[in-house]
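# Structural characterization, general
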Amino acid sequence: MAKLLSCVLGPRLYKIYRERDSERAPASVPETPTAVTAPHSSSWDTYYQPRALEKHADSILALASVFWSISYYSSPFAFFYLYRKGYLSLSKVVPFSHYAGTLLLLLAGVACLRGIGRWTNPQYRQFITILEATHRNQSSENKRQLANYNFDFRSWPVDFHWEEPSSRKESRGGPSRRGVALLRPEPLHRGTADTLLNRVKKLPCQITSYLVAHTLGRRMLYPGSVYLLQKALMPVLLQGQARLVEECNGRRAKLLACDGNEIDTMFVDRRGTAEPQGQKLVICCEGNAGFYEVGCVSTPLEAGYSVLGWNHPGFAGSTGVPFPQNEANAMDVVVQFAIHRLGFQPQDIIIYAWSIGGFTATWAAMSYPDVSAMILDASFDDLVPLALKVMPDSWRGLVTRTVRQHLNLNNAEQLCRYQGPVLLIRRTKDEIITTTVPEDIMSNRGNDLLLKLLQHRYPRVMAEEGLRVVRQWLEASSQLEEASIYSRWEVEEDWCLSVLRSYQAEHGPDFPWSVDGRRQLALFLARKHLHNFEATHCTPLPAQNFQMPWHL
């Protein structure tokens, strides 16, 4: 009876991975709480085969889940319609509640039938036995056997806690349960007295901004957090995860962040290979509709690096919602996991981000300044100009206030706090982070990210003349035109390197540098910090374009 109840309440099982011969446990291991016989790919197909009862019950519950999601998103319009029609009176609500209760009882019965179907399936009984054993005792053997299954990640045991590093327990300067530290935006109206009357006047605007950010704004900014989209992408995500596990020997883990969110991660270890880049770990930060299963992790993987991918809060197996504070909390526990559990030193970690992932990447570089390098692909400097592009002009004030207070992705500000090597990759046909049209390459916000970085690090070099020639170089729409501008100014790279090395030897490596420069030096630095890639925003970056940033 206990096993039947476990099957009723247990998670949905999606797939049983192919297990390599070298990793198989002996078939004679007894079924105990600490050691359970692992499945063999020779006897079971890699896709979980539910019985008819479980399959049909699952379909009914999945359809109910989709209808509930649609009802949730359309509930404001539904309530308004029902109110106008007079259906929200007590005489109408009571019968409706009876219908709703009956429907819930029917769905509970369907769930019980699904549990019976699982109980009659030896594959699921084997899985639930391993899962329960792992929850009781997270031994390496139990966790190894559990990794052979892909199931609803909510039931996966936590592998790493944000307080696990001993330094976090002993230090008061680390993150609290309220979250890690973020750079806060300056007040929109500086110098205004913060009196009670002013607070009351601002209250309606603040309430409106809060509602916009937590309804329309967050879903527009992170469409990957929408349940219906995730449901549609589920087959693709399962296929991508199977490729990482079966072909790349990936290891999935659940991390608990300081805000209570559970973060879904995938680690591919290349340290045992002959390739030297396998000793380096690339932490990948995905875009606003990207998942590690099918995202930018493929680029460093093809280049031979060890890779750690993770999903934003609210994406796939990760819980929560992807607001900036939650994003930074998630990134913090991912970096801590890489250092304290996977055993990588900060000097061996590279942060790689695509698109909106630049926010968490720049936060990590700012908060962990010893990381080796950072690569930002198709990223931007600030969210406000991009948000204004897609919203009506009459909403300018509301959009700016909402972004600054609730969705402040200040990539450039965080990037300037990092002292290490940086490479920016600009998509020359980018249709997402341009503020006009893709053909207008000067409206690409990656240009502004480069200029703000160089102006912070080399303020004298990026004075009026230096800024002008760099803008001219950024206007180049092809490699030929770019090379023509570079040669027109007769940039001598040996001379530029000698000037920079002399300054570094005399004043040290910390930015900003007060080195006096010419226009040639400004062009040299711009070319070293930004590479062009002739593609649209969502084109996968080829492995040969994944290069380490330049440094002296």
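The structure presented is a predicted model; accordingly, all values stated were derived computationally and were not measured.

## Remarks on the overall build of the protein
Summing up its helical and strand segments, the protein has 19 helices and 11 strands in all. Projected onto the principal axes, the alpha-carbon positions of the protein cover approximately 80 × 70 × 50 Å. When each of the 552 residues of the protein is scored for burial, the buried share is 49%. A separation of at least 24 residues holds for 75% of the contacts in the protein among residues at least 6 apart in sequence.

## Quick notes on a nonpolar patch on the surface
On the surface, Leu63, Phe67, Ile70 and Leu228 cluster together into a nonpolar patch covering about 360 Å² of accessible area. In terms of residues, the nonpolar patch owes the most to one element, helix α2 (residues 52-85), which gives three residues. Phe67 sits in the exposed class, given a relative accessible area of 51%.

## So, the sheet that holds strand β9 (residues 373-377)
Judged by pairing direction, the sheet is mixed, and its nine strands sit side by side in the order β3-β4-β5-β7-β6-β8-β9-β10-β11 without closing on themselves. Since the sheet does not close on itself, it has two edges, and those belong to β3 (160-161) and β11 (530-533), each with one partner. Alignment of strand β4 (residues 251-256) against strand β5 (residues 262-268), held across six bridges, turns out to be antiparallel. Bridging across to β5, Leu256 finds its partner in Glu262. Lying on the sheet, helix α15 (residues 445-457) is in contact with β9, β10 (422-427) and β11; it crosses β10 at an angle near 155 degrees.

## Overview of the packing of aromatic side chains
Under the defined criterion, the tally for this structure stands at 18 aromatic pairs. Centroid distance Phe153 to Trp156: 5.5 Å. Interplanar angle 35 degrees. Geometry classified as tilted. Accessibility classification places Phe153 together with Trp156 in one group, the buried group. The cationic tip of Lys254 hangs over the ring face of Phe153; the distance from NZ or CZ to the ring centre is 5.2 Å. Directly above the aromatic system of Tyr486 lies the positively charged group of Arg527, at a separation of 4.1 Å from the ring centroid.

## Here's the deal with α15
For α15, with 13 residues, the first-to-last C-alpha span of 19 Å sits near the 18 Å given by 1.5 Å per residue. Where burial is concerned, most of α15 is hidden: 10 out of the 13 residues are buried. Listed as buried for α15 are Arg445, Gly446, Asn447, Asp448, Leu449, Leu450, Leu451, Leu453, Leu454 and Arg457. Between the side-chain oxygen of the N-cap and the backbone nitrogen of Gly446 there are 2.7 Å, and the N-cap of α15 in question is Asn444.

## Description of unusual backbone geometry
For residues besides glycine, phi is generally negative; the peptide bonds are generally trans as well. The omega torsion across Phe511 and Pro512 is 5 degrees, close enough to zero to call that bond cis. Assignment of secondary structure puts Pro512 in the loop between α18 (493-507) and α19 (519-529). Although it is not a glycine, Ala378 sits at a positive phi angle of roughly 55 degrees. Secondary-structure assignment places Ala378 in the loop between β9 and α12 (383-390).

## Here's the deal with the nonpolar core
In this structure, Ile283, Ile351, Tyr458 and Phe524 are the most contacted members of the largest nonpolar core, which totals 98 residues. In terms of residue count, helix α10 (residues 324-340) provides more of this core than any other element does, nine residues in total. Setting aside chain neighbours within four positions, we find Ile351 in contact with Ile283, Cys285, Met331, Ala361, Ala364, Val371, Ala373, Met374 and Ile375. Cys248, Val282, Leu301 and Leu541 belong to the second-largest nonpolar core, a separate cluster that totals 29 residues.

## Observations regarding the pairing of strand β8 (residues 349-354)
With six of its six residues buried, β8 lies for the most part within the structure. Side chains of β8 alternate between two faces, with Ile349, Ile351 and Ala353 and Ile350, Tyr352 and Trp354 buried alike. With five bridges joining them, strand β6 (residues 281-285) and β8 adopt parallel strand pairing. Its bridge partner being in β8, Cys284 is matched across the sheet by Tyr352. For the crossover from β8 across helix α11 (residues 358-367) to β9, the handedness is right-handed.

## What to know about the environment of Val282
Note on placement: Val282 falls in strand β6. Along the primary structure Val282 and Phe267 are separated by 15 residues, whereas in three dimensions their C-alpha atoms are 9.9 Å apart. Those residues in contact with Val282 that lie beyond four places of it in its chain are Pro300, Tyr305, Ser306, Val307, Leu308, Ile350, Tyr352 and Phe546.

## Notes on the layout of surface pockets
Unfilled space is identified by rolling a water-sized probe across the atoms. The volume enclosed by the second largest pocket comes to roughly 870 Å³. What lines the second largest pocket is a set of 42 residues, among which Met220, Leu221, Asn288, Ile356 and Ile432 lie closest to the centre. Those elements that place two or more of their residues in the lining of the second largest pocket are α7 (196-221), α9 (298-302), β8, α12 and α13 (396-406). Among the residues making up the lining of the second largest pocket, the classes are represented as 27 nonpolar, 11 polar and four charged.

## Observations regarding the side chain of Glu293
One can find Glu293 in the loop between β6 and α9. Here Glu293 is buried and forms no salt bridge, its nearest opposite-charge partner Arg252 lying at an N-O distance of 5.0 Å. At 3.1 Å, the side chain of Glu293 forms a polar contact with the side chain of Gln241. Those residues in contact with Glu293 that sit more than four places away from it in its chain are Leu237, Gly240, Gln241, Arg243, Leu244, Asp264, Asn311 and Ala316.

## A few points about the pairing of β4
Taking burial as the measure, the six residues of β4 include five buried ones, the bulk of the element. Across two bridges, the pairing between β3 and β4 is parallel. Its bridge partner being in β4, His161 is matched across the sheet by Leu256. Hairpin connection between β4 and β5: a loop of five residues separates the two successive antiparallel strands, and Gly260 in this loop has a positive phi of roughly 90 degrees.

How each quantity is defined
Residues numbered from 1 in each chain as written. Predicted model: local features only at pLDDT ≥ 70, side-chain atom pairs only at ≥ 80, totals over all residues. Heavy atoms only, no water. Helix = DSSP H or I, 4+ residues; strand = E, 2+ residues; numbered from the N terminus. Buried < 20%, exposed > 50% of the residue type's maximum accessible area, 1.4 Å probe, protein only. Contact = heavy atoms within 4.5 Å. Patch = residues over 30% accessible without salt bridge, like charges linked within 9 Å, V, L, I, M, F, W, Y side chains within 5 Å. Areas by Shrake-Rupley, 256 points an atom, 1.4 Å probe, with all protein chains shown as cover. Salt bridge = Lys/Arg side-chain N within 4 Å of Asp/Glu carboxyl O. Pairing = 2+ DSSP bridges. Axes fitted to C-alpha atoms, helices over the stretch in contact; angles between N-to-C directions. Phe/Tyr/Trp six-rings, centres within 6.5 Å; stacked < 30°, edge-to-face > 60°. Lys NZ or Arg CZ within 6 Å of the ring centre and 35° of its normal. Expected span 1.5 Å × (residues − 1). Polar contact = N/O pair within 3.5 Å; in protein donor to acceptor, adjacent residues only side chain to side chain. Core = buried A, V, L, I, M, F, W, Y, C linked by side-chain atoms within 4.5 Å. Right-handed = clockwise from strand over helix to strand, strands pointing away. 1 Å grid on protein atoms, 1.4 Å probe; cavity = no way out; pocket = protein on both sides within 12 Å on 5 of 7 lines; lining within 4 Å. Points joined across faces, edges and corners; volume = space filled by probe spheres on them. Nonpolar A, V, L, I, M, F, W, Y, C, P; charged D, E, K, R; others polar. Lys, Arg positive; Asp, Glu negative; His and termini not counted.

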